[in-house]
Amino acid sequence: SIDNNVTERDIRPFATGRKNWMFSTSVGGAKASANLYSLVMTCRANDINPYYYFRHLFAELPKRSPSDDMSDLMPWCVELSDVE
């Protein structure tokens, strides 16, 4: 494509939200926001509804220990149905 309109549209929510995130009250809060935003955008890039992805994560994560391999939970590895 000769223009970058698709990319501009994709980053617009981030550019708009950046003004709000600048005032996070802690470094931990800023990192948590960045992680959440990253997961949501990765879901969108993989045509996954973030709601169903997070439902799946919240069901699976309590079954695992922090030392377990979590790569199978990444958005591009998870097979979800809308009625899960």
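Residues numbered from 1 in each chain as written. Predicted model: local features only at pLDDT ≥ 70, side-chain atom pairs only at ≥ 80, totals over all residues. Heavy atoms only, no water.

Some remarks on the overall build of the protein
Next, step 1: In terms of helices and strands, the protein carries 3 helices and 0 strands.
Next, step 2: Going from N to C terminus, the protein has its helices and strands arranged as α-α-α.
Next, step 3: In the protein, buried positions account for 15% of the 84 residues.
Next, step 4: Long-range contacts, defined here as pairs at least 24 residues apart, represent 47% of the contacts in the protein between residues at least 6 apart.
Next, step 5: Carbon and sulfur atoms provide 58% of the accessible area of the protein, an area that totals close to 6,600 Å². (Helix = DSSP H or I, 4+ residues; strand = E, 2+ residues; numbered from the N terminus. Buried < 20%, exposed > 50% of the residue type's maximum accessible area, 1.4 Å probe, protein only. Contact = heavy atoms within 4.5 Å. Areas by Shrake-Rupley, 256 points an atom, 1.4 Å probe, with all protein chains shown as cover.)

Here we look at the packing of aromatic side chains
Each aromatic ring pair is characterised by the separation of its centres together with the angle its planes make.
Next, step 1: For the structure shown, the criterion picks out 3 aromatic pairs.
Next, step 2: An angle of 75° between the planes, with centres 5.2 Å apart, marks the rings of Y51 and Y52 as edge-to-face.
Next, step 3: Put simply, the rings of Y53, F54 and F58 touch in pairs and so form one group of aromatic residues. (Phe/Tyr/Trp six-rings, centres within 6.5 Å; stacked < 30°, edge-to-face > 60°.)

A few points about the nonpolar core
Next, step 1: Counting 7 residues, the largest nonpolar core consists of C43, I48, Y53, F54, L57, L73 and V78.
Next, step 2: Ranked by residue count, the leading element in this core is helix 3 (residues 50-60), at 3 residues. (Core = buried A, V, L, I, M, F, W, Y, C linked by side-chain atoms within 4.5 Å.)

Some words on the pattern of salt bridges
Side-chain pairs of opposite charge can arise where the charged atoms are in close proximity.
Next, step 1: Enumeration according to the criterion identifies 3 salt bridges in this entry.
Next, step 2: Here R64 and D72 are joined by a salt bridge, their closest N and O atoms 2.8 Å apart.
Next, step 3: Classification of R64 by relative accessible area gives partly exposed; the value is 21%.
Next, step 4: Among the charged side chains, a network of salt bridges with common partners joins E60, K63, R64 and D72. (Salt bridge = Lys/Arg side-chain N within 4 Å of Asp/Glu carboxyl O.)

Examining unusual backbone geometry
Next, step 1: Unlike most non-glycine residues, D47 shows phi in positive territory, near 55°.
Next, step 2: Relative to the assigned elements, D47 resides in the loop between helix 2 (27-45) and helix 3.

Comments concerning helix 3
Next, step 1: Taken together, the buried positions of helix 3 are occupied by Y52, Y53, F54, H56, L57 and E60.
Next, step 2: Check the buried side of helix 3 and you find it contacts helix 2.

What to know about the packing of helix 2 against helix 3
How two helices pack is summed up by the angle between their axes together with the distance between the axes.
Next, step 1: Where helix 2 contacts helix 3, the axes come no closer than 9 Å and their chain directions differ by 120°. Compared by their axis directions, helix 2 and helix 3 come out oblique. Helix 2 and helix 3 meet at a crossing whose hand is right-handed. Counting all contacts with helix 2, which are made through L36, L39, V40 and C43, the residues of helix 3 involved are P50, Y53 and F54.
Next, step 2: Considering only residue class, the contact of helix 2 with helix 3 consists of 7 nonpolar, no polar and no charged. (Axes fitted to C-alpha atoms, helices over the stretch in contact; angles between N-to-C directions. Parallel < 35°, antiparallel > 145°, perpendicular 65-115°, else oblique. Left-handed = near helix turned anticlockwise from the far one by under 90°. Nonpolar A, V, L, I, M, F, W, Y, C, P; charged D, E, K, R; others polar.)

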